[in-house]
Amino acid sequence: MNENIRILRPFFRGLPIVIASVIIAVLIAKKYLNYVTPMYESTAKLKLADIQEGVPSANLFKDLDVFASANKIATEIEVLKSKNLIQKSVSDLSFSVEIYRKGDFVDTELYDNSPILIQAFFTSPKAFDKRYQVQVINDKSFLFSNPGSTQHIKGEFGKVLTIEFGKVLITKNESFLKSKKNAQLIDNYEFECLSEEKLLEKITKNLDIVSVDKDVPVIRINLKSNVPEKAALFVNKLAENYIQDYIENKYKAANITVDFLKNEIQGANKKLVNSEKDIQNYRDTKNIINIRQETETDLRKISQLKIQQTNIKMNLDAIKDLNKYIAQGKNNYLDLAVNFEAFTDLLSTEMVKNIKKLQAEKKDLLLTYTLENEKVQVVDAKLKDLIDYQIESIKNTEKNLQIKYDELSSDINEAEKVFIGLPEKEKILTTLNREFNLYEKNYNFLNEKRIEAEIAKSAKIAFHKIISPAEISKTPVSPIRSIIIIIAAFLGFLGSVLLIYVVHFIKAKVNDVFTIEKNSTIPVVLTTPFLKDNIENVFLKDCIQLELKGVIADKNIISITSFDQAKDHLFHSYNFYNALKVQGKKILVMDATGQLEGNVDPADYLNFSEAKYMRFTKSHFTDEIKTRMEAVDLCIVHNQAIQDDKLALLFMSIANQNLFVLDSRKTSEKTVIKIEALRDEFHLPNLWFILNKDGYNPSLIYELKKTINRFRNK
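Residues numbered from 1 in each chain as written. Predicted model: local features only at pLDDT ≥ 70, side-chain atom pairs only at ≥ 80, totals over all residues. Heavy atoms only, no water.

Considering all chains together, one arrives at 20 salt bridges under this definition. The residue E190 makes a salt bridge to R131 at a minimum N-O spacing of 2.9 Å. Separated by 59 residues along the polypeptide, E190 in strand β10 (residues 188–193) and R131 in strand β5 (residues 131–136) bring together distant segments of the chain. Salt-bridge contacts for K198 lead to E192; the nearest nitrogen and oxygen are separated by 2.6 Å. With relative accessibility at 31%, the residue K198 sits in the partly exposed group. The structure contains a network of salt bridges with shared partners spanning K102, D107, R131, E190, E192 and K198. (Salt bridge = Lys/Arg side-chain N within 4 Å of Asp/Glu carboxyl O. Helix = DSSP H or I, 4+ residues; strand = E, 2+ residues; numbered from the N terminus. Buried < 20%, exposed > 50% of the residue type's maximum accessible area, 1.4 Å probe, protein only.)

Here it is in structure tokens:
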């Protein structure tokens, strides 16, 4: 805790300087703020079209921006930063001429608040980016001067002034002068015509375009300017031109696409017509109406013919078998059991019945008559007619079935000829149909896109929109007065504290006992505070302490010394003498400086400051002291300063006890080290330190006053 207090002592001592530094820094900051040009910022927020969400995803407008790729925020930011877009925005605004009201320390740009209007027509690039002076001398005329020139050209408002590299027209801003009652026309002005490069550089340097969030399609456009109206106008104009540029690009793209699609549609239409003609010609050539239906019909026809052929084939085979059977049993026809399964017409059935009837009748007649009987022969004749007819009928039926079978076979063969080359027809027709379908699909697709492109061409709208237009800022964003004042105060505080501690450590004085003990093994026997009154009591107390520590003892020779000047320990020599006298002791004072002469009882005083004593040796002084010590209790030597280096070390070697006075405000820290070195070198006996003005920290203002008074007295 004591160590912390010791460190803070220089700060508390220099507190007035700290306060003064802070006040001065704040005043300088305020003065600076009065002359610095404030910067204003305007911000506009622009929402980008999102195809996946919002209005563009609605069914009505779903494909309105079909030619626009998905919005990339970073890409759109770079578009906004593009030179072409910024250049277009600047050209729409009157930023090329800057008019300033000239002041003693700072020039103020006027813009819309200018009492004069200036139009410049330069023929050389050298005339741009220079400050021209205009001094209005009255409400009709002015003085014009080129940059760096002391010559003035007199001109009149409303008349063109011809200068080097061009012409200038200066007029009064009547609307402003009428709107402002206290408007001042007569004044000193400057104007600068900015080149395109410098104007773009000036805008780009203060332009900041960022996204609100990487996943949110909202862009923030910021511009800083010393004129708030400029910042707001440019930001809004840039956002408007971005949207307008988007619409124009979309319209151009749609227009180009429509023209392209129309040409493509014409080509696709020709190919489609040719494909249709190829299909028609092929169908006409091959007599194809519907190859599938025709194939199915022919297959069905062949199938039916083959069914008929099969049926006839079965009947024909049955007739052949029957005919063969009858032919084998022709002589015994009546004994045959004919299978009429395939010969079942009604006539044959009836004839078989008649034969059987005649056969039965013959059998009956044979019971009565013989074979030669006329009746029997009539019956045989009838049977023979029927049997012959039956046999001939079977032969005719076989022939008829054979003819039918042959005709069906011929028909089937003819019908199957239709399928000859059918796969090739199908292949060719499929190829032709595929080409036709491809051209038709391409034609339909192009027509759909043409309609979409024409919709996009007709709809001159964009889904980008300004959700927060820029407004004219009333409060500057820089400099921020409160922050600058706080920083100035802090820097003043920090600088003054650093200065105090730098001076403190450069001076490196013996400030306290800790510093002495840190640098030396010589003990501190006493610490004396800064005294203005009650001095005697303090020194009486110190004498008692010295007596208890064995410094003050009977017949001791006590040397009191300091390093820089003898007057640094004069206070202690004189007051120790008085305190010991008050205690009733007989004191001998040996003064090596002559400073105590007249302040000490002459009977107790020896003055060794004269030049003759410089020839004395240690033995001379020792003998003199021994002679006088017989009648006194103590001897106090008011020694010279070590810095004088005449008799100081000699008297210190003679003394029994050496009190070395260190001043906390004057004695350097390195002095402690020097004294210890002297003690070791010259074997000085019983050396003690006394710290004078212990704990004394006068303010720097007090020290400053004291120094001023010292110089004034001199």
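Now that the structure has been shown, we can carry on.
One face of the sheet, then the other: side chains in a regular strand alternate in exactly this way. Alternating residues of strand β1 (residues 40–47) divide into Y40, S42, A44 and L46, all buried, and E41, T43, K45 and K47, none buried. Two elements, β1 and strand β12 (residues 216–225), share eight bridges in a ladder whose sense is antiparallel. Each residue of the ladder has a partner; that of E41, found in β12, is K224. Alignment of β1 against strand β13 (residues 465–468), held across three bridges, turns out to be antiparallel. Each bridged residue has a counterpart across the sheet, and for L46 the counterpart in β13 is I466. (Pairing = 2+ DSSP bridges.)

Attention shifts here to the pairing of strand β20 (residues 687–692). Counting buried positions along β20 yields six of six residues, so the element is predominantly enclosed. Burial along β20 is two-sided: the face carrying L687, F689 and L691 and the face carrying W688, I690 and N692 are both buried. Pairing geometry for strand β14 (residues 524–528) and β20, over four bridges, is parallel. Its bridge partner lying in β20, L526 is registered against I690. Judged from the six bridges that link them, strand β19 (residues 657–663) and β20 form a sheet pairing that is parallel. When the sheet's bridge partners are listed, L662 is paired in β20 with L691.

Looking now at the packing of helix α4 (residues 83–91) against helix α6 (residues 196–206). Between α4 and α6, the least distance of the axes is 11 Å, while the angle of their chain directions is 105°. Taken together, the axis directions place α4 and α6 in an arrangement best described as roughly perpendicular. On the side of α4, the interface is formed by K83, I86, Q87 and V90, while α6 contributes E196, L199, L200, I203 and T204. Here the residues of the contact of α4 with α6 are counted per class, giving five nonpolar, two polar and two charged. (Axes fitted to C-alpha atoms, helices over the stretch in contact; angles between N-to-C directions. Parallel < 35°, antiparallel > 145°, perpendicular 65-115°, else oblique. Contact = heavy atoms within 4.5 Å. Nonpolar A, V, L, I, M, F, W, Y, C, P; charged D, E, K, R; others polar.)

A word on the side chain of K230. Within the secondary structure, K230 is located in helix α7 (residues 228–286). A distance of 2.5 Å separates a polar atom in the side chain of K230 from a polar atom in the side chain of E109. (Polar contact = N/O pair within 3.5 Å; in protein donor to acceptor, adjacent residues only side chain to side chain.)

Moving on: a nonpolar patch on the surface. On the surface, I480, I483, I487, F490, L491, F493, L494, L498 and V502 cluster together into a nonpolar patch covering about 790 Å² of accessible area. One can find L491 in helix α12 (residues 481–507). (Patch = residues over 30% accessible without salt bridge, like charges linked within 9 Å, V, L, I, M, F, W, Y side chains within 5 Å. Areas by Shrake-Rupley, 256 points an atom, 1.4 Å probe, with all protein chains shown as cover.)

This brings us to the nonpolar core. By size, the foremost hydrophobic cluster in this structure holds 33 residues, and its most contacted members are L80, I221, F234 and L238. Broken down by secondary-structure element, the contributors of at least two residues to this core are β1, α3 (73–80), α4, α6, β11 (207–213), β12 and α7. If you tally residues by element for this core, the top one is α7, at ten residues. With near-sequence residues (within four places) excluded, L238 lies in contact with L80, L85, I86, S89, L207, I209 and I221. (Core = buried A, V, L, I, M, F, W, Y, C linked by side-chain atoms within 4.5 Å.)

Our focus in this paragraph is the packing of aromatic side chains. One pass over the structure, following the stated rule, counts 17 aromatic pairs. The interplanar angle of 65° and the centroid separation of 5.5 Å between the aromatic rings of F539 and F571 together place this pair among those described as edge-to-face. Residue F539 is located in helix α14 (residues 535–548), and its partner F571 is located in helix α15 (residues 567–582); the two are separated by 32 residues in the primary sequence. For F539, a relative accessible area of 0% puts it in the buried group. (Phe/Tyr/Trp six-rings, centres within 6.5 Å; stacked < 30°, edge-to-face > 60°.)

On to the packing of α4 against α7. Remark: α4 packs on α7, axes separated minimally by 9 Å, with the N-to-C direction vectors making an angle of 120°. The angle between α4 and α7 places the two elements in the oblique class. Relative to α7, the crossing made by α4 is right-handed. Residues L85, I86, K88, S89 and V90 of α4 touch α7, and the partners they reach there are F234, K237, L238, N241, Y242, D245 and E248. Residues that form the contact of α4 with α7 fall into these classes: six nonpolar, two polar and four charged. (Left-handed = near helix turned anticlockwise from the far one by under 90°.)

Turning to the sheet that holds strand β15 (residues 557–561), a few remarks are in order. Strands pair in a sheet through their backbones, by hydrogen bonds, and they do so in one of two ways: parallel or antiparallel. The strand order β14-β20-β19-β15-β18-β16-β17 describes an open sheet built from seven strands, whose pairing is parallel. Each having just a single partner strand, β14 and β17 (605–607) make up the two edges of the open sheet. On average, each strand axis in the sheet is inclined to that of its neighbour by 20°, with strand direction left out of account. Here helix α18 (residues 669–682) sits on the sheet and contacts β19 and β20; the angle it forms with β20, its principal contact strand, is near 160°.

Within the open sheet, the four strands sit side by side as β11-β12-β1-β13. Their pairing is antiparallel. Strands with a single pairing partner mark the edges of an open sheet, and in this sheet they are β11 and β13. Strand-to-strand twist across the sheet, computed as the mean angle between neighbouring axes with direction ignored, equals 35°. Contacts between α3 and the sheet are confined to β1, β11 and β12, with β12 contributing the most and set at about 30° to the helix. Packing of α7 onto the sheet brings it into contact with β1, β11, β12 and β13, and relative to β1 it is tilted by some 20°.

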